[in-house]
Amino acid sequence: MMELNNPIVLMRTTNSMNVAQELDHLITQQLANAKRIVIVSHIRPDGDAVGSALAFGNALREAGKQVECVLQDGVAERYQYLPGAKEVASEVSLDYDYLIVVDSADSHRVGTVLDDLPKPDLVIDHHKTHIDFGKIDYVEAETEATALLLTEKLPHWGLEVSKNTATCLMVGLLADTLGFRTNNTTPRSLRTAADLMEKGVDLVQVYHQTLSMRSLSEIRYWGQGLIKLELNDGVLSSTLTLDDRIIAGYPENDDADLINTLTVVPEALISVLFIEQENDGVKVSWRSVKGLDVSEIAARFGGGGHASAAGADIAGGLEEIKKLVLAETHHYVNTKGISLKRNDGV
Ligand SMILES: [Mn+2]
(Lines give C-alpha, C1' and ligand atoms only; values in the text may rest on other atoms or scores of the structure.)
Protein backbone atom coordinates (compact mmCIF):
# COMPACT_ATOMS: atom_id res chain seq x y z
CA MET A 1 0.00 0.00 0.00
CA MET A 2 0.99 3.58 -0.51
CA GLU A 3 2.20 5.72 2.36
CA LEU A 4 -0.50 8.00 3.68
CA ASN A 5 1.73 10.60 5.26
CA ASN A 6 3.22 11.89 2.02
CA PRO A 7 1.28 13.82 -0.60
CA ILE A 8 0.48 11.61 -3.56
CA VAL A 9 0.30 12.93 -7.07
CA LEU A 10 -0.89 11.06 -10.07
CA MET A 11 -0.20 12.36 -13.52
CA ARG A 12 -1.44 9.34 -15.34
CA THR A 13 0.70 9.97 -18.38
CA THR A 14 3.88 9.55 -16.35
CA ASN A 15 2.83 6.69 -14.09
CA SER A 16 2.38 3.00 -14.63
CA MET A 17 -0.97 1.21 -14.53
CA ASN A 18 0.13 -0.40 -11.28
CA VAL A 19 0.36 2.97 -9.62
CA ALA A 20 -3.05 3.94 -11.00
CA GLN A 21 -4.60 0.73 -9.66
CA GLU A 22 -2.99 1.15 -6.28
CA LEU A 23 -4.23 4.71 -6.10
CA ASP A 24 -7.78 3.60 -7.02
CA HIS A 25 -7.57 1.04 -4.23
CA LEU A 26 -6.41 3.66 -1.73
CA ILE A 27 -9.14 6.15 -2.68
CA THR A 28 -11.77 3.37 -2.57
CA GLN A 29 -10.71 2.48 0.97
CA GLN A 30 -10.63 6.07 2.13
CA LEU A 31 -14.11 6.77 0.72
CA ALA A 32 -15.46 3.56 2.25
CA ASN A 33 -14.13 4.58 5.67
CA ALA A 34 -15.32 8.19 5.48
CA LYS A 35 -18.67 9.02 7.09
CA ARG A 36 -19.06 12.79 6.89
CA ILE A 37 -17.69 14.26 3.66
CA VAL A 38 -17.32 17.86 2.51
CA ILE A 39 -16.93 18.54 -1.23
CA VAL A 40 -15.69 21.95 -2.36
CA SER A 41 -15.14 23.54 -5.75
CA HIS A 42 -14.01 26.90 -7.10
CA ILE A 43 -15.35 30.44 -6.91
CA ARG A 44 -17.75 31.65 -9.64
CA PRO A 45 -18.48 27.95 -10.24
CA ASP A 46 -19.02 26.90 -13.85
CA GLY A 47 -20.93 23.84 -15.03
CA ASP A 48 -18.01 21.50 -14.41
CA ALA A 49 -17.47 22.78 -10.87
CA VAL A 50 -21.18 22.53 -10.00
CA GLY A 51 -21.76 19.28 -11.91
CA SER A 52 -18.69 17.51 -10.51
CA ALA A 53 -19.33 18.57 -6.91
CA LEU A 54 -23.01 17.62 -7.05
CA ALA A 55 -22.33 14.34 -8.87
CA PHE A 56 -19.69 13.22 -6.37
CA GLY A 57 -21.92 14.34 -3.50
CA ASN A 58 -24.88 12.50 -4.92
CA ALA A 59 -22.97 9.26 -5.45
CA LEU A 60 -21.60 9.41 -1.89
CA ARG A 61 -25.04 10.16 -0.40
CA GLU A 62 -26.48 7.21 -2.28
CA ALA A 63 -23.70 5.13 -0.68
CA GLY A 64 -24.99 6.20 2.76
CA LYS A 65 -22.56 9.03 3.51
CA GLN A 66 -23.41 12.37 5.05
CA VAL A 67 -22.29 14.96 2.50
CA GLU A 68 -22.04 18.74 2.39
CA CYS A 69 -21.26 20.43 -0.95
CA VAL A 70 -19.71 23.89 -0.52
CA LEU A 71 -19.48 26.57 -3.21
CA GLN A 72 -18.53 30.00 -1.91
CA ASP A 73 -20.48 31.80 -4.66
CA GLY A 74 -23.47 29.43 -4.66
CA VAL A 75 -25.14 27.75 -7.64
CA ALA A 76 -26.33 29.74 -10.66
CA GLU A 77 -30.03 29.73 -11.48
CA ARG A 78 -29.55 27.53 -14.57
CA TYR A 79 -28.19 24.68 -12.39
CA GLN A 80 -30.73 24.94 -9.58
CA TYR A 81 -32.72 22.04 -11.04
CA LEU A 82 -29.85 19.61 -10.44
CA PRO A 83 -30.23 17.08 -7.61
CA GLY A 84 -28.62 18.51 -4.47
CA ALA A 85 -28.25 22.06 -5.83
CA LYS A 86 -30.64 23.54 -3.27
CA GLU A 87 -28.62 22.06 -0.38
CA VAL A 88 -25.29 23.59 -1.47
CA ALA A 89 -23.70 25.64 1.36
CA SER A 90 -21.53 28.75 0.98
CA GLU A 91 -19.21 27.78 3.84
CA VAL A 92 -18.11 24.60 5.55
CA SER A 93 -20.34 23.78 8.52
CA LEU A 94 -20.23 19.96 8.62
CA ASP A 95 -17.83 18.40 11.13
CA TYR A 96 -16.28 16.32 8.35
CA ASP A 97 -13.84 13.43 8.43
CA TYR A 98 -12.97 13.62 4.72
CA LEU A 99 -12.47 16.67 2.52
CA ILE A 100 -12.65 16.59 -1.29
CA VAL A 101 -11.93 19.41 -3.75
CA VAL A 102 -12.97 19.11 -7.40
CA ASP A 103 -12.07 21.05 -10.56
CA SER A 104 -9.71 23.53 -8.87
CA ALA A 105 -6.23 24.25 -10.22
CA ASP A 106 -4.90 25.52 -6.88
CA SER A 107 -6.02 26.25 -3.33
CA HIS A 108 -6.75 29.94 -4.07
CA ARG A 109 -9.40 28.99 -6.63
CA VAL A 110 -11.73 27.72 -3.91
CA GLY A 111 -11.92 31.18 -2.34
CA THR A 112 -11.74 31.49 1.43
CA VAL A 113 -13.85 28.49 2.48
CA LEU A 114 -10.80 26.31 3.19
CA ASP A 115 -8.81 28.98 5.06
CA ASP A 116 -7.42 27.56 8.30
CA LEU A 117 -8.57 24.02 7.43
CA PRO A 118 -6.11 21.14 7.01
CA LYS A 119 -5.08 19.96 3.54
CA PRO A 120 -7.89 18.36 1.53
CA ASP A 121 -7.78 14.56 1.58
CA LEU A 122 -8.51 14.25 -2.14
CA VAL A 123 -8.24 16.74 -5.00
CA ILE A 124 -9.50 15.86 -8.49
CA ASP A 125 -8.64 18.18 -11.32
CA HIS A 126 -7.86 18.52 -15.03
CA HIS A 127 -6.15 21.92 -15.28
CA LYS A 128 -2.82 22.22 -17.01
CA THR A 129 -1.65 24.71 -14.40
CA HIS A 130 -2.62 22.52 -11.42
CA ILE A 131 -0.49 23.06 -8.31
CA ASP A 132 -0.80 20.20 -5.81
CA PHE A 133 -2.55 21.15 -2.58
CA GLY A 134 -4.13 17.93 -1.32
CA LYS A 135 -2.94 14.80 0.42
CA ILE A 136 -3.85 13.10 -2.85
CA ASP A 137 -3.98 15.13 -6.06
CA TYR A 138 -5.63 13.11 -8.79
CA VAL A 139 -4.83 15.17 -11.88
CA GLU A 140 -5.15 14.48 -15.56
CA ALA A 141 -4.08 17.68 -17.26
CA GLU A 142 -5.95 18.68 -20.42
CA THR A 143 -8.60 15.99 -20.05
CA GLU A 144 -11.84 17.65 -21.18
CA ALA A 145 -13.59 17.92 -17.82
CA THR A 146 -13.37 16.90 -14.18
CA ALA A 147 -16.81 15.38 -14.78
CA LEU A 148 -15.27 13.08 -17.39
CA LEU A 149 -12.67 11.86 -14.88
CA LEU A 150 -15.40 11.28 -12.30
CA THR A 151 -17.61 9.39 -14.77
CA GLU A 152 -14.74 6.97 -15.32
CA LYS A 153 -13.46 6.83 -11.75
CA LEU A 154 -16.58 6.67 -9.54
CA PRO A 155 -17.29 3.00 -10.40
CA HIS A 156 -13.60 2.20 -9.73
CA TRP A 157 -13.93 3.89 -6.34
CA GLY A 158 -16.87 1.72 -5.31
CA LEU A 159 -19.60 4.22 -6.16
CA GLU A 160 -22.56 3.85 -8.47
CA VAL A 161 -23.48 6.36 -11.16
CA SER A 162 -27.26 6.74 -10.88
CA LYS A 163 -29.40 8.78 -13.29
CA ASN A 164 -29.18 11.77 -10.93
CA THR A 165 -25.41 11.53 -10.66
CA ALA A 166 -25.11 11.05 -14.43
CA THR A 167 -27.19 14.19 -15.07
CA CYS A 168 -24.78 16.28 -12.98
CA LEU A 169 -21.80 14.72 -14.75
CA MET A 170 -23.30 15.47 -18.17
CA VAL A 171 -23.60 19.13 -17.16
CA GLY A 172 -19.88 19.23 -16.36
CA LEU A 173 -18.89 17.48 -19.57
CA LEU A 174 -21.04 19.70 -21.78
CA ALA A 175 -20.03 22.90 -19.99
CA ASP A 176 -16.27 22.39 -20.27
CA THR A 177 -16.36 21.15 -23.88
CA LEU A 178 -18.97 23.78 -24.86
CA GLY A 179 -20.96 20.88 -26.27
CA PHE A 180 -17.97 18.99 -27.76
CA ARG A 181 -16.50 21.92 -29.68
CA THR A 182 -13.39 22.90 -27.70
CA ASN A 183 -10.18 21.91 -29.41
CA ASN A 184 -9.28 19.38 -26.70
CA THR A 185 -12.43 17.29 -27.40
CA THR A 186 -11.58 13.63 -27.99
CA PRO A 187 -13.64 10.50 -28.77
CA ARG A 188 -13.34 9.75 -25.05
CA SER A 189 -15.71 12.57 -24.15
CA LEU A 190 -18.27 11.43 -26.71
CA ARG A 191 -18.08 7.88 -25.34
CA THR A 192 -18.48 9.29 -21.84
CA ALA A 193 -21.56 11.21 -22.96
CA ALA A 194 -22.97 8.02 -24.49
CA ASP A 195 -22.36 6.17 -21.21
CA LEU A 196 -24.16 8.91 -19.31
CA MET A 197 -27.10 8.83 -21.73
CA GLU A 198 -27.38 5.11 -21.08
CA LYS A 199 -27.84 5.94 -17.40
CA GLY A 200 -30.98 7.79 -18.43
CA VAL A 201 -29.78 11.38 -18.89
CA ASP A 202 -31.99 13.57 -21.07
CA LEU A 203 -29.20 14.97 -23.29
CA VAL A 204 -31.36 17.47 -25.17
CA GLN A 205 -32.78 18.95 -21.98
CA VAL A 206 -29.42 19.09 -20.18
CA TYR A 207 -27.76 20.57 -23.28
CA HIS A 208 -30.38 23.29 -23.45
CA GLN A 209 -30.17 24.13 -19.74
CA THR A 210 -26.36 24.13 -19.76
CA LEU A 211 -25.44 25.81 -23.03
CA SER A 212 -28.31 27.26 -25.04
CA MET A 213 -30.72 28.82 -22.54
CA ARG A 214 -30.06 32.49 -21.77
CA SER A 215 -31.99 34.86 -19.55
CA LEU A 216 -32.99 38.26 -20.88
CA SER A 217 -30.56 39.95 -18.46
CA GLU A 218 -27.69 37.74 -19.65
CA ILE A 219 -28.36 38.65 -23.29
CA ARG A 220 -28.61 42.35 -22.37
CA TYR A 221 -25.35 42.05 -20.43
CA TRP A 222 -23.72 40.44 -23.50
CA GLY A 223 -24.97 43.44 -25.48
CA GLN A 224 -23.06 45.79 -23.17
CA GLY A 225 -19.90 43.81 -23.89
CA LEU A 226 -20.55 43.31 -27.61
CA ILE A 227 -20.85 47.02 -28.43
CA LYS A 228 -17.38 47.59 -26.94
CA LEU A 229 -15.61 44.85 -28.93
CA GLU A 230 -12.25 45.72 -30.44
CA LEU A 231 -10.13 43.63 -32.80
CA ASN A 232 -6.42 44.43 -33.09
CA ASP A 233 -3.81 42.15 -34.66
CA GLY A 234 -5.67 38.94 -33.91
CA VAL A 235 -6.68 39.95 -30.37
CA LEU A 236 -10.41 40.45 -29.82
CA SER A 237 -11.21 42.20 -26.55
CA SER A 238 -14.01 43.79 -24.59
CA THR A 239 -14.96 44.95 -21.12
CA LEU A 240 -17.86 44.36 -18.75
CA THR A 241 -18.08 46.96 -15.99
CA LEU A 242 -20.05 47.07 -12.75
CA ASP A 243 -22.29 49.65 -14.47
CA ASP A 244 -22.94 47.21 -17.32
CA ARG A 245 -24.30 44.74 -14.79
CA ILE A 246 -26.64 47.36 -13.34
CA ILE A 247 -27.83 48.49 -16.79
CA ALA A 248 -28.52 44.88 -17.85
CA GLY A 249 -29.95 43.82 -14.50
CA TYR A 250 -27.44 40.96 -14.40
CA PRO A 251 -27.01 39.74 -10.82
CA GLU A 252 -23.79 37.66 -10.99
CA ASN A 253 -20.15 38.79 -10.90
CA ASP A 254 -19.00 36.83 -13.98
CA ASP A 255 -19.17 37.33 -17.78
CA ALA A 256 -22.30 35.20 -18.36
CA ASP A 257 -20.09 33.10 -20.71
CA LEU A 258 -19.73 35.94 -23.19
CA ILE A 259 -16.08 34.93 -23.66
CA ASN A 260 -17.16 31.61 -25.21
CA THR A 261 -19.29 33.49 -27.72
CA LEU A 262 -16.35 35.64 -28.85
CA THR A 263 -14.55 32.56 -30.16
CA VAL A 264 -16.94 32.52 -33.14
CA VAL A 265 -15.07 35.46 -34.70
CA PRO A 266 -12.71 33.91 -37.26
CA GLU A 267 -10.13 36.72 -37.13
CA ALA A 268 -9.59 36.25 -33.40
CA LEU A 269 -6.52 34.20 -32.46
CA ILE A 270 -7.06 35.20 -28.85
CA SER A 271 -10.18 36.64 -27.23
CA VAL A 272 -9.83 38.44 -23.93
CA LEU A 273 -12.54 39.80 -21.68
CA PHE A 274 -12.18 42.14 -18.69
CA ILE A 275 -14.86 41.81 -16.02
CA GLU A 276 -14.72 44.54 -13.41
CA GLN A 277 -15.18 43.29 -9.83
CA GLU A 278 -16.11 45.01 -6.59
CA ASN A 279 -13.18 46.02 -4.37
CA ASP A 280 -10.82 47.23 -7.10
CA GLY A 281 -10.18 43.99 -8.96
CA VAL A 282 -10.65 42.61 -12.45
CA LYS A 283 -11.41 39.10 -13.61
CA VAL A 284 -9.71 38.42 -16.95
CA SER A 285 -10.72 35.57 -19.26
CA TRP A 286 -8.82 34.37 -22.32
CA ARG A 287 -9.72 31.98 -25.11
CA SER A 288 -7.38 30.93 -27.90
CA VAL A 289 -7.23 28.90 -31.07
CA LYS A 290 -5.29 25.65 -31.26
CA GLY A 291 -1.54 26.16 -31.13
CA LEU A 292 -1.65 29.03 -28.64
CA ASP A 293 -1.57 28.55 -24.87
CA VAL A 294 -3.33 31.34 -22.98
CA SER A 295 -2.70 29.62 -19.64
CA GLU A 296 0.89 30.90 -20.04
CA ILE A 297 -0.37 34.49 -20.16
CA ALA A 298 -2.81 33.89 -17.30
CA ALA A 299 -0.03 32.39 -15.17
CA ARG A 300 1.98 35.62 -15.52
CA PHE A 301 -0.91 37.38 -13.76
CA GLY A 302 -1.29 34.78 -11.02
CA GLY A 303 -4.06 32.88 -12.82
CA GLY A 304 -4.16 29.65 -14.80
CA GLY A 305 -6.33 27.21 -16.68
CA HIS A 306 -6.07 25.34 -19.94
CA ALA A 307 -4.19 25.97 -23.18
CA SER A 308 -7.30 27.23 -24.95
CA ALA A 309 -9.20 28.69 -21.96
CA ALA A 310 -7.67 30.48 -19.00
CA GLY A 311 -8.38 33.20 -16.47
CA ALA A 312 -6.91 35.36 -13.74
CA ASP A 313 -8.18 37.54 -10.90
CA ILE A 314 -6.00 40.64 -10.81
CA ALA A 315 -6.04 43.37 -8.17
CA GLY A 316 -6.05 46.95 -9.42
CA GLY A 317 -8.00 49.43 -11.50
CA LEU A 318 -9.74 48.42 -14.71
CA GLU A 319 -7.92 50.74 -17.13
CA GLU A 320 -4.48 49.98 -15.72
CA ILE A 321 -5.06 46.20 -15.85
CA LYS A 322 -6.47 46.35 -19.39
CA LYS A 323 -3.32 48.11 -20.54
CA LEU A 324 -0.99 45.60 -18.88
CA VAL A 325 -2.91 42.51 -19.97
CA LEU A 326 -3.44 43.64 -23.56
CA ALA A 327 0.26 44.48 -23.88
CA GLU A 328 1.22 41.04 -22.58
CA THR A 329 -1.37 39.30 -24.80
CA HIS A 330 -0.20 41.14 -27.92
CA HIS A 331 3.39 40.35 -27.02
CA TYR A 332 2.47 36.67 -26.74
CA VAL A 333 0.60 36.63 -30.09
CA ASN A 334 3.46 38.45 -31.78
CA THR A 335 6.01 35.93 -30.59
CA LYS A 336 3.89 32.77 -30.96
CA GLY A 337 1.04 33.49 -33.29
CA ILE A 338 2.49 35.00 -36.43
CA SER A 339 2.27 31.87 -38.55
CA LEU A 340 -1.01 30.76 -37.04
CA LYS A 341 -4.22 30.82 -38.96
CA ARG A 342 -7.50 29.63 -37.63
CA ASN A 343 -8.28 26.23 -39.05
CA ASP A 344 -10.67 24.85 -36.48
CA GLY A 345 -14.00 25.68 -34.90
CA VAL A 346 -12.94 27.05 -31.55
MN1 LIG B 1 -13.37 21.97 -15.34
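First, a word on scope: everything that follows refers to the structure included in this document. Here the structure is a predicted model, which means the values were calculated and not measured.

## Let's talk about helix 4 (residues 163-177)
With 15 residues, helix 4 extends 21 Å from end C-alpha to end C-alpha; this agrees with the ideal 21 Å at 1.5 Å per step. The buried count for helix 4 comes to 13 of 15 residues, which makes it a mostly enclosed element. Following helix 4 by one or two positions, L178 adopts a phi angle in the positive range, close to 50 degrees.

## Points about the packing of aromatic side chains
According to the stated counting rule, one finds four aromatic pairs in the structure shown. Taken together, a centroid distance of 6.1 Å and an interplanar angle of 25 degrees make the contact between F56 and W157 stacked. Taken together, the residues F56 in helix 2 (residues 47-62) and W157 in the loop between helix 3 (146-153) and helix 4 connect sequence positions 101 residues apart. Grouping residues by exposure puts F56 and W157 together as buried. With a centroid separation of 5.8 Å and an interplanar angle of 85 degrees, the aromatic rings of Y138 and W157 are classed as edge-to-face. Of this pair, Y138 sits in strand 6 (residues 136-139) while W157 sits in the loop between helix 3 and helix 4, and the two are 19 residues apart along the sequence. You'll find Y138 and W157 in the same group, each marked buried. Here the aromatic cluster, defined as three or more aromatic residues joined through ring pairs, consists of F56, Y138 and W157.

## Some details on the side chain of E218
As for its placement among the helices and strands, E218 is situated in helix 7 (residues 216-226). The class for E218 is buried, based on a relative accessible area of 10%. A distance of 2.9 Å separates a polar atom in the side chain of E218 from the backbone nitrogen of S215. Ignoring anything within four residues of it in the chain, the contact list for E218 reads R78, M213, Y250 and A256.

## Brief notes about the side chain of T151
Take T151: it is sitting in helix 3. Residues in contact with T151, not counting those within four places in the same chain, are L169, T192 and L196.

## Regarding the pattern of salt bridges
Within this structure, the stated rule accounts for twelve salt bridges. Between R188 and E140 there is a salt bridge, with the nearest N and O atoms lying 3.2 Å from each other. With R188 in helix 5 (residues 187-198) and E140 in the loop between strand 6 and helix 3, this pair connects stretches of sequence that are 48 residues apart. Here R188 falls in the partly exposed class, since its relative accessible area comes to 24%. Overall, the relative accessible area of 10% leaves E140 in the buried class. E296 is the partner of K336 in a salt bridge, and the nearest nitrogen-oxygen pair spans 3.2 Å.

Criteria and thresholds
- Residues numbered from 1 in each chain as written.
- Predicted model: local features only at pLDDT ≥ 70, side-chain atom pairs only at ≥ 80, totals over all residues.
- Heavy atoms only, no water.
- Helix = DSSP H or I, 4+ residues; strand = E, 2+ residues; numbered from the N terminus.
- Expected span 1.5 Å × (residues − 1).
- Buried < 20%, exposed > 50% of the residue type's maximum accessible area, 1.4 Å probe, protein only.
- Phe/Tyr/Trp six-rings, centres within 6.5 Å; stacked < 30°, edge-to-face > 60°.
- Polar contact = N/O pair within 3.5 Å; in protein donor to acceptor, adjacent residues only side chain to side chain.
- Contact = heavy atoms within 4.5 Å.
- Salt bridge = Lys/Arg side-chain N within 4 Å of Asp/Glu carboxyl O.

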